[in-house]
Amino acid sequence: MINNIIKFFQNRFSVSRALLLVVLFAVVLLAGIWYSLPTLVEWGVEKLAKEGGSPNFAMEVSELDPWKTRIVDLSLGSEGDSIAVEQIDILYDPSKLALGEINAFSITGLSFESNLDFDDSSEEVDTEKSWGEIYNFVNEVLINPPLSYLRIRDSDFSIFDQNESIEFLFWSSTDFLENLIHLTVDLTMNQSSLLGEINISREENATFISTAFDVKDVGVLFDDIVSYSRIKELIPNELGVSAGKLAIDGLARIIPTGPEDLFVECNGSGFLLEWEEHNFSIPQFMVFLTPENEHNWTSNSYANVRYENNLVADGINLSVDQEEERIELRGGISYLKTDNLFPPLEIFGLRFPNLQFQIQDLENLAYEKERTIAFNEFSYENQFLRLYNGTLSFLLSRDRNLNLRIFPLDGALLDLGISFVQFSYFGRVNLDDFPKVDSPQVLLGERVISGDEVLLEKLALTFRVQDLTHFVINLLSFKMSGNEFEFNPANMIVGISDTNAQKINIKFDKTSLSIPNQNVTLTGLDGSIEFNSLDPLETNGTQTIWFETLQAGGVELKDGNFSFEILPDGTFLVSEGNALLYDGIIGLMESSFNMYGDQMTINTSVIKMDGQKIVNLIEGLDVEVNGTFSGRIPFSNQDGKWDFEGGYLQLDSSTNAKLKYKSNGFLTNGIQEGSQEYKRMKMTELALENLKLDFLRISFEVEGDERKILGNIRGKSTIKKNTEVSLDYRPKIIAGLAEIMHKLDLKKLGL
């Protein structure tokens, strides 16, 4: 029977027919599988998603062939987070697909939504394990790229927090090459945008990542960020950012435990900031950050800053090093200029002190350690005062006393053409009392120079501060023209106008001045001198000062006063001056001289001055005078030559006025004995030896180039044999001022 059946099939089916049936069956089977494949893929992926904890999963495979797969309307979500994709296109080569290689992966219309969870009880992430997984994944992709291109288009993700949401629109492009992943991203939030680039590479078994991000308008980004209340809470309400560009670059090496050798660079420009009603700008800044971990990092930053018309700061540098609990700060400013709201300063090469401290000891940072600030050049009041290569040290004690010291430096008052050589300063300031300073401040200087002329040497000044415009000078000493001057006590108050630094008022209160090598002492100086300007030097009208005593050698002036005015052209006008001298009064009347020239006119006056003390000034003159003199003598100096211009001295009326003069034959010398002239002059000599004066006047006359001293002596005397004679003697001397000054015993005047 079996044989019959075999024969039956052999009669009806040949081998070729059997092969044909197998092929047809295979074709039908493959066709069925192919047309069912999208459904099978959807079923398989959906099952995997549900098993992975995403029950709300859906997708549709709209196209599937040996070269391309298209998936549409993909969505999944869990616990408030959801992902939706409009379309996914996968391109591949059938010959490489079996090897797991894909040419391109394109995602269009990706939408991701997430609710933030700030629950502190959530599980801690094993950071080291996570970094290890990332490291392995990245290296696997770099060594064996699974695809060549990844594109994400027209996509967004939204973050929901309480009743607020932030939406980001983004586009990205990723290229996978051997040992290189190149990613670019374009991110938009509301009105702000960010462009970014990430490169991950592998070189000699080391993996590196570099990033570059650009924010075109930081002002728009700031407005978008502060619209989110959780971030706004972290930013002061007074702060505003209206413009700016920012670029952030980063570089690091990736190892299994995390990034290593991290370096971050930030470059900003055109920043406009507001703090309350104040406007600031940062034209340019750079920040370099090298963190090892959160406790060990270094940063170096540079910036240019503007504060309206009040401040310009270029080349601001701040360096910060943290090593565990230890922090070191260094910094400086290349150029600083302040004005308007601040003192008018201009500083070049400002260097701040290096600060080293422990974080736990931060509150003690400011105390009990001397710090130094240095500068290359310092200018005040539009270069009115300029200082060079200075170093300032300061130490703050816990009782809030600030000790200040300026090491020797050079400076100049440029408008006045005055230079300072090797000036230094030391003082103490109580910060609670500032700007009042009760502690003495000390200023020392080697020299003060005007042009090639040394004005002062060995300057020493001790002062205190009442406020920022009034300074009390306690001691002042200096050397000028070989003479030493010492104001001690100085008791001077220098007031500076708060609107014009050249308007200065100097008030004296029982000031004392001594010139030791000239044996000159001035005590009890009172009054004030008010200057409208220091350049040119000009007083505010007539000024008056008083003094108690002025001693010069053996001469002492008492209870003096002096009124004067200085004009802008250098003219020094004396309107009045008086002092007690030789039991009388010596004074100045309407005198003047030029401080920058050799022209001088001095009108002296004498009132009831002891005649004997005046006569004692004449060298080699044996005269006794009982009486007082009054008069006036004008002097002049033209081109360095002294002269007198008229004037007189006259004996004041008195019944007790006497004159005793022993001429020792001076009047008869050269006259022939026995002649009438000899007898007359001899009688005059005898009468002058004991003359009761009725009148005595000495006149100074000018006739062309001649200078005459005319005497007029009248009186009565008793000579030999009790003979009373009346004398009318009129001597005449033709001499210049130089000859007269030569006859004066100037040592008695301390000159």
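For the structure, see preceding data.
Quick caveat, the model's predicted, so the values are computed rather than measured.

Student: Outline the nonpolar core, listing residues and values.
Tutor: As a rule of thumb, soluble globular proteins bury nonpolar side chains together. If you look at the biggest cluster of nonpolar residues, it comprises 75 residues, and the most contacted ones within it are Ile473, Leu476, Leu659, Leu688, Leu693 and Ile713. Once residues lying within four places of it in the same chain are set aside, the contact partners of leucine 659 are Val623, Glu624, Val625, Leu688, Glu689, Asn690, Leu691, Leu693, Leu696 and Ile713. One finds Val215, Phe271, Ala313 and Leu336 within the second-largest nonpolar core, a separate group that totals 25 residues.

Student: Break down the pairing of strand β28 (residues 520-534) for me, citing the residues and quoting the values.
Tutor: Where strand β27 (residues 504-515) meets β28, 10 bridges bridge the pair, whose relative direction is antiparallel. Directly across from serine 514, in β28, lies its bridge partner threonine 521. Here β27 hands over to β28 after 4 residues, with asparagine 519 in that stretch at a positive phi of 55°. Across 3 bridges, β28 lies against strand β29 (residues 537-539) in antiparallel orientation. Of the residues in β29, the one forming a bridge with serine 533 is glutamate 538. Count of turn residues in the β28/β29 antiparallel hairpin: 2 residues.

Student: Which residues make up unusual backbone geometry, and what values go with them?
Tutor: Cis peptide bonds are those with omega within 30 degrees of zero, and the linkage from phenylalanine 434 to proline 435 qualifies with 15°. Relative to the assigned elements, proline 435 resides in the loop between β21 (418-430) and β22 (437-450). With omega at 0°, the peptide bond leading from asparagine 488 into proline 489 counts as cis. Phi is positive for glutamate 324, which is not a glycine, with a value near 60°. Take glutamate 324: it is sitting in the loop between β14 (311-323) and β15 (326-338). Here glutamate 324 falls in the partly exposed class, since its relative accessible area comes to 45%. A positive phi is found at asparagine 519, a non-glycine position, where the angle reads about 55°.

Student: Please give an account of the environment of phenylalanine 700 that cites residues and values.
Tutor: In this fold, phenylalanine 700 is placed in strand β40 (residues 691-703). For phenylalanine 700, a relative accessible area of 13% corresponds to the buried category. For phenylalanine 700 and glycine 647, which are 53 residues apart along the polypeptide, the C-alpha to C-alpha distance reads 5.2 Å. When sequence neighbours within four positions are dropped, the list of residues in contact with phenylalanine 700 reads Ile633, Phe644, Gly646, Gly647, Tyr648, Lys708 and Ile709.

About the criteria used
Residues numbered from 1 in each chain as written. Predicted model: local features only at pLDDT ≥ 70, side-chain atom pairs only at ≥ 80, totals over all residues. Heavy atoms only, no water. Core = buried A, V, L, I, M, F, W, Y, C linked by side-chain atoms within 4.5 Å. Buried < 20%, exposed > 50% of the residue type's maximum accessible area, 1.4 Å probe, protein only. Contact = heavy atoms within 4.5 Å. Pairing = 2+ DSSP bridges. Helix = DSSP H or I, 4+ residues; strand = E, 2+ residues; numbered from the N terminus.

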